[in-house]
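What the coordinates show
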Amino acid sequence: MTDAAELLGLTRKLLAAYPPATTDRADFLKARFDAGLAWVHFPEGLGGLGAPRSLQAVVDAELAAAGAPDNDPRRIGIGLGMAAPTILKYGSQEVKERFLRPLWTGEEVWCQLFSEPGAGSDLAALGTRAVRDEATGDWVVDGQKVWTSSAHVARWAILIARTDPDLPKHRGITYFVCDMTDPGVEVRPLRQITGEAEFNEVFLTGVRIPDAHRLGEVGEGWKVAQTTLNNERVAIGGMRLPREGGMIGPIARTWRERPELRTHDLHQRLLTLWVEAEVSRLAGERLRQQLVVGQPGPEGSAMKLAFARLNQEISGLEVELRGEEGLLYDDWTMRRPELVDFTGRDAGYRYLRSKGNSIEGGTTEVLLNIVAERVLGLPAEPRNDKDVAWKDLAR
Ligand SMILES: Cc1cc2nc3c(=O)[nH]c(=O)nc-3n(C[C@H](O)[C@H](O)[C@H](O)COP(=O)(O)OP(=O)(O)OC[C@H]3O[C@@H](n4cnc5c(N)ncnc54)[C@H](O)[C@@H]3O)c2cc1C
């Protein structure tokens with residue numbers, strides 16, 4: 001088994017062969033992947049060495065100290081956080097070899113074609129159809145997706161579509177990798193409360209997907225999607241941050257630098273939120289340690305809940321602290337950002353952007369249901385559509 005000393009040796013070898021100061025960024029990242037130092041717990045040949053996940057920190061620290069470039073996880077969050085674990089678990093060897101390297105290096109950006117106008121929280125109600133072309137074996141996809149973050153820069157998408165409308169909603173879904181350059185894919189910007197268009201509507205018309213790009217069995221897409229969704233919550237709620245690295249950072253700095261804004265009441269509230277932010281950050285560390293020995297479970301939902309609530313409370317307090325100045329908005333220019341920057345820009349941006357935190361990756365209400373049912377063991381919500389064919393459901 002690969003141990004810390006061995007990994008450190010391999011990392012130093014990589015740095016000697018590709019000195020960061022004189023090596024092109026993309027070349028360095030490709031060499032790092034090929035050396036198995038991208039995600040050390042992945043199998044050999046796929047960017048890893050089958051090492052314990054906890055040892056990634058050893059590699060990361062050594063590379064950071066040497067000034068090596070990283071793959072900017074914020075820009076490729078959907079690929080790294082959601083597509084990769086799903087491909088690893090359900091993709092064929094060819095699929096893994098084709099997709100994981102450019103995904104990790106950031107040469108190819110991914111998006112997630114899950115939500116639809118009539119299928120958000122009730123995702124299993126989705127109506128996008130995938131029909132098998134018996135002559136070629138391909139799947140032909142028609143439908144509309146919505147709120148698709150990064151679709152405007154994505155090369156590939158993870159997609160769930162209905163392959164059997166005669167089955168109950170959870171059972172007739174199949175999971176695919178969709179080529180965003182297919183001529184049947186149309187991406188239209190959706191402008192958000194922040195003024196920018198970080199997500200999109202995506203229209204799919206006769207999009208062809210080879211059967212080799214199916215992940216999991218036909219009709220098993222809901223099960224495959226659970227891998228994606230559980231990882232999504234951890235990716236959103238469990239990001240590794242230094243102390244004061246999240247929303248609490250900018251307000252703490254303002255508090256230190258602007259004594260004239262301080263009041264006793266704000267002081268008490270800021271202290272409470274600072275402690276909660278720190279507790280949440282440390283709970284995230286704990287969650288990552290748990291991941292070393294298994295897949296994310298419902299605990300990830302609790303992290304995502306804490307992340308959303310804290311971001312909204314902290315950014316609200318920051319606007320209050322800044323008074324009238326907090327109401328100014330830096331720039332309403334329509335833009336199509338390539339990365340989501342929760343803490344970037346001004347207080348007004350943070351306040352508005354954090355509103356989406358309790359919706360994206362599963363709404364707070366739905367995640368509370370998950371915690372109630374799967375962590376606390378409370379009775380499940382009544383479901384009267386479990387055994388009804390999807391085509392017979394009221395819409
Ligand atoms: C910034 C942002 C980025 C996003 N990016 C993506 C993306 O890249 N890809 C993608 O596929 N989707 C994306 N989404 C979509 C997101 O996952 C959905 O918006 C979300 O799942 C909610 O679905 P909905 O909008 O249809 O709301 P609905 O499901 O219609 O919910 C409306 C309200 O009803 C509540 N509700 C619904 N069901 C229940 C219940 N059973 N019990 C209690 N309350 C309930 C909800 O919590 C919510 O408050 C993004 C959303 C946002 C805001």
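What you see is a predicted model; the values in this text were computed from it and never measured. (Residues numbered from 1 in each chain as written. Predicted model: local features only at pLDDT ≥ 70, side-chain atom pairs only at ≥ 80, totals over all residues. Heavy atoms only, no water.)

Scanning the chain for helices and strands turns up 12 helices and eight strands. The C-alpha radius of gyration of the chain comes to 22 Å, within 12% of the 21 Å expected for a compact globule of 395 residues. Considered along the principal axes of its C-alpha atoms, the chain spans approximately 70 × 55 × 45 Å. Pairs at least 24 apart in sequence give 70% of the contacts found in the chain among residues at least 6 apart. Carbon and sulfur atoms make up 54% of the accessible area of the chain, which amounts to about 18600 Å² in all. Averaging the locations of the 49 positively and 57 negatively charged side chains of the chain gives two centres separated by 2 Å. (Helix = DSSP H or I, 4+ residues; strand = E, 2+ residues; numbered from the N terminus. Rg over C-alpha atoms; globule rule 2.2 N^0.38 Å. Contact = heavy atoms within 4.5 Å. Areas by Shrake-Rupley, 256 points an atom, 1.4 Å probe, with all protein chains shown as cover. Lys, Arg positive; Asp, Glu negative; His and termini not counted. Charge placed at Lys NZ, Arg CZ, Asp CG, Glu CD.)

We now examine helix α1 (residues 4-17). Counting along an α-helix, one turn takes 3.6 residues, and residues three or four places apart therefore face a common direction. With 14 residues, α1 ought to run about 20 Å at 1.5 Å a step, and its terminal C-alpha atoms sit 20 Å apart, in line with that. For α1, the set of buried residues is Leu-7, Thr-11, Leu-14 and Leu-15. The buried residues of α1 occupy an angular sector of 95° when projected down its axis, which confines them to one face. Summarising the geometry of α1, the exposed residues directed more than 90 degrees from the buried face are Ala-5, Lys-13, Ala-16 and Ala-17. (Expected span 1.5 Å × (residues − 1). Buried < 20%, exposed > 50% of the residue type's maximum accessible area, 1.4 Å probe, protein only. Arc of directions from axis to C-beta.)

Looking now at the pairing of strand β2 (residues 129-132). Strand direction decides the pairing type here: β2 and strand β3 (residues 139-145), joined by four bridges, are antiparallel. Residue pairing in the sheet places Arg-132 in a bridge with Trp-139 of β3. Counted along the chain from β2 to the antiparallel partner β3, the turn is six residues long, and its residue Gly-137 has a positive phi close to 90°. (Pairing = 2+ DSSP bridges.)

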